[in-house]
Amino acid sequence: MSIVYNEESKLFILSTKHTEYQMKIDEIGILQHLYYGATVGGMDMSYQICQLDRGFSGNPYEYRSERGKSLDTLPQEFTGANVGDLRISSLSIKSANGSRSCDLRYKCHEIRKGKYTLKDLPYVRGHNGDLAIEEDVQSLIITLWDSLIGLEVKLHYGVFEKKDVITRAMVMVNNGKDWIRVNKLSSVCIDFPHGRYDLIHFYGRHCMERQMERVPVKHDIISIQSKRGMSSHHHNPFVILCDADTNQNQGCAYGFMMMYSGNHKTEVEKDYLDSTRLVMGLQNSNFAWRLEVGESVTAPEVIMTYAKNGLNQLSRTYHHIIRENVVDAKYYNLRRPVLINNWEATYFNFTEEKILEIADSAKELGIDMLVLDDGWFGKRNDDNTSLGDWFVNQEKLPSGLKHLADGVRERGLKFGLWFEPEMISEDSELFREHPDWAMADPERKPMYSRNQLVLDMSRKDVQDYLFDRMAEIIRDANIYYIKWDFNRSVSNFYSKALPSDRQGEVAHRFMLGTYALLDRLLKEFPELMIEGCAGGGGRFDAGMLFYCPQIWTSDDTDPVARLQIQSGTSYGYPVSTMGSHVSASPNHQTGRRTSLNTRGIVAMSGTFGYELDLTKITKKEKELMKKQIKDFRRFYWLIQHGEYYRLTDDRDESYFTCWEFVSADKSEALVNIVITDVHANPEIPFVRLQGLDADGWYLVEGTDKKYTGQALMNGGVVFGELVANCGGSDDNYPGAQYHLIRIG
Ligand code: DGJ
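Residues numbered from 1 in each chain as written. Predicted model: local features only at pLDDT ≥ 70, side-chain atom pairs only at ≥ 80, totals over all residues. Heavy atoms only, no water.

Quick look at the overall build of the chain
Alright, step 1. For the chain, the helix and strand inventory stands at 14 helices and 38 strands.
Alright, step 2. For 744 residues, the compact-globule estimate of 2.2 N^0.38 gives 27 Å, and the chain sits close to it at 27 Å.
Alright, step 3. The C-alpha extent of the chain, read off along each of the three principal axes, is 85 × 70 × 45 Å.
Alright, step 4. Buried positions account for 63% of the 744 residues belonging to the chain. (Helix = DSSP H or I, 4+ residues; strand = E, 2+ residues; numbered from the N terminus. Rg over C-alpha atoms; globule rule 2.2 N^0.38 Å. Buried < 20%, exposed > 50% of the residue type's maximum accessible area, 1.4 Å probe, protein only.)

Structure representation (structure tokens):
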């Protein structure tokens, strides 16, 4: 049993293969958090709680004569508000009488077989085809409540025993007699009464997403958040708390990943007693939800894990749960298409002939799918116009989309198409017909970004319109794949369909609307594959991965910049989810020149494809591309399902980046290295490999070099040949791939 409740001690124990999570109900019904970490064998960890009288930390009325018992100092599983815990709180409410207090006490609990699901929100699947079965999961739902106002907080826990994952979500229900305004809605609150931690988070910007940053948690509140209506390029909804000496392969680390694509916030506070609290949930500065009697509102799911052996181990746990329980099972054993996308080849400037010429070259190389990007609809020849008018651009494609799609298919390629469903151009038929569908405050001009406005996705009529338009095109042109883009931050959160006192709900309802549309389209077209995108990787999160097996990682396709972006992304997300393409050199974003070989190596640690004008490549490039595609197919399962190891850490190595995939049975590995900086008289790159069979012998494919697993992992490897010609050569960022095969 992975969830046990002891009636006598009032102790909950949630166990996975290597971790344990404990909570306890105290004498007055406060749910205390006792422990999360490596297995402690069911030992009641309440011995770690020291109830000392600390000045200025008050006591609940029932404990008025026991001054060591304070909500301000004891670890809480989920806090109320305005009742004595002065650290960051899990919720904020206002009752109809103006009171902001919420005193949460235990009411009841339920242990269930299988995984709970969430209404209208993505969640980690208990059942996922042949990959995941409900028998391996248990759920616990603990109801806390404030009996005076009738507010219930239902804490949901999903325990994935074999995966070492615990999920949490929270459903708030108003079972009182009057409405309640919810001003802060969190999924998780967790206290670490002891220990010193570093926070690792992933900040960034357009074209430079998910840069890993590590900061010590000090006596302050760190908050990682997005108010942009999207999970954002700027702060990913994923953080790691780890010991100060944790590195890639050693030390303790906790991961918290929110399955949400909208406004989010994670706060981490070290309090005056050196205890650390993390609260993760919806970003709340513009949030206010009117919860009517009998209604509920749900805080999105958070995927938690604990690793005892470093950051690589933590990442691999996330890779498994995302591949096996988040992404739709049908993609697990399906080879996803190697694609050619026309964006960096033509931008808006294309004709049917040009696209078919690209398709011809793509076919010759062995590419599986052509994706027609932005510019095929309305009157769109630049980014000033037509979003929302999901009708073919007759001037550009006079024979129609179906004709083009058929032409691509006749050449033996699948056909994919770009949409940006949640946006509207002021210069569009749609805007002229429905100006109130664009989000804007009444009587104010909306904020512009990339010349476009944002559709009010909270409206059912908007969702219906998009569904009808998209369904017609998907059906008519027989679309296999959609690239679902989102090219601006949202501002002016205002829905003309909601009353004034519900405007604080718009940001969350917007996201629910997008999820509803995705869900509806996938139900209507079960074979449709959607790649998420948001001006590159502005919505790279586990929420989108529930619907989309892959997400365009970044608009920066420079392989050297990509290494950092993909490495940052890999802390939480598997390479099978990272859209990655070979583009032209010099690179369109950075101007950097790199070899086709290096570009191929980097793009192969992703879903792999090309994004350049294939009609302009040389014969030599063509031959190398053919080989790359063959190699990618040969290494496909090793890359997509293999165990992933970062062998270098950006913090201590800026000269080269090295990473490795190892098959589950350790019979083969793929070691990748790229030089990322130009050094004269360069030092010799050196790493120790990971995850091999220590007792085995490995052959480096294509050579007669043989090494023991022990030598490769303990002694390490050197890459002298790779840098011999570096500095001043045509290939200043050389890369190499080594395929190791176990031979004994
Ligand atoms: C942003 C995307 O990330 C690009 O790949 C491309 O699709 C453009 N939008 C098109 O407008």
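That shown, we press on.
Things to note about the sheet that holds strand S1 (residues 3–6)
Hydrogen bonding along the main chain pairs the strands of a sheet, whether they run parallel or antiparallel.
Alright, step 1. Read across the sheet, four strands follow the order S1-S2-S3-S4 without closing on themselves; strand pairing throughout is antiparallel. Looking at the sheet topology across the chains shown, the edges are occupied by S1 and strand S4 (31–38). For this sheet the average axis-to-axis angle between neighbouring strands, irrespective of direction, equals 15 degrees.
Alright, step 2. Sheet topology note: the S1/strand S2 (residues 11–15) ladder contains four bridges and is antiparallel. What sits directly across from Tyr5, in S2, is Phe12. (Pairing = 2+ DSSP bridges. Axes fitted to C-alpha atoms, helices over the stretch in contact; angles between N-to-C directions.)

What about the site of the ligand?
Alright, step 1. Around the ligand sit 13 residues in total, of which Asp373, Asp374, Lys483, Asp485 and Asp555 are the nearest.
Alright, step 2. Measuring from an oxygen atom of the ligand, one finds a side-chain N or O atom of Asp373 at 2.6 Å.
Alright, step 3. Between an oxygen atom of the ligand and a side-chain N or O atom of Trp418, the distance comes to 3.1 Å.
Alright, step 4. When the ligand sits alone it has 290 Å² of accessible area, and the protein chains cover 98% of it. (Near = heavy atom within 4 Å. Polar contact = N/O pair within 3.5 Å; in protein donor to acceptor, adjacent residues only side chain to side chain. Areas by Shrake-Rupley, 256 points an atom, 1.4 Å probe, with all protein chains shown as cover.)

A few points about the packing of aromatic side chains
Alright, step 1. All chains considered together, the criterion is met by 37 aromatic pairs.
Alright, step 2. Taking 4.6 Å as the distance between ring centres and 55 degrees as the angle between the ring planes, the aromatic pair formed by Phe192 and Tyr254 counts as tilted. Remark: Tyr254 occurs in strand S15 (residues 253–258) and Phe192 occurs in strand S10 (residues 180–192); sequence separation between them is 62 residues.
Alright, step 3. Here the aromatic rings of Trp343 and Tyr347 are separated by 5.0 Å at their centres, their planes lie at 80 degrees, and the arrangement is edge-to-face.
Alright, step 4. Here Trp343 falls in the buried class, since its relative accessible area comes to 17%.
Alright, step 5. Among the aromatic residues, those joined into a ring-pair cluster are Tyr21, Tyr36, Tyr157, Phe192, Tyr197, Tyr254 and Tyr306.
Alright, step 6. Its end group placed over the ring of Tyr116, Lys115 keeps NZ or CZ at 4.1 Å from the ring centre. (Phe/Tyr/Trp six-rings, centres within 6.5 Å; stacked < 30°, edge-to-face > 60°. Lys NZ or Arg CZ within 6 Å of the ring centre and 35° of its normal.)

Let's talk about helix H3 (residues 352–365)
Alright, step 1. The end-to-end C-alpha distance of H3, which contains 14 residues, comes to 20 Å, matching closely the 20 Å that a straight helix rising 1.5 Å per residue would cover.
Alright, step 2. Those residues of H3 lying buried are Glu352, Lys354, Ile355, Leu356, Ile358, Ala359, Ser361, Ala362 and Leu365.
Alright, step 3. Its buried side turned inward, H3 meets strand S20 (339–341), helix H2 (343–346), strand S21 (369–372), helix H4 (401–410) and helix H11 (619–634).
Alright, step 4. At the exit of H3 stands Gly366, carrying a positive phi of roughly 100 degrees. (Expected span 1.5 Å × (residues − 1). Contact = heavy atoms within 4.5 Å.)

Looking at unusual backbone geometry
Alright, step 1. Here Ser585 and Pro586 are connected by a cis peptide whose omega angle stands at 0 degrees.
Alright, step 2. Phi angles above zero are rare outside glycine, and Arg210 is one such case at about 50 degrees.
Alright, step 3. Along the chain, Arg210 falls in strand S12 (residues 208–216).
Alright, step 4. Within the chain, Asn478 stands out as a residue other than glycine whose phi angle is a positive 55 degrees.
Alright, step 5. Mapped onto the secondary structure, Asn478 falls in the loop between helix H6 (460–477) and strand S25 (481–484).
Alright, step 6. Relative accessible area serves as the criterion here: at 49%, Asn478 is assigned to the partly exposed category.

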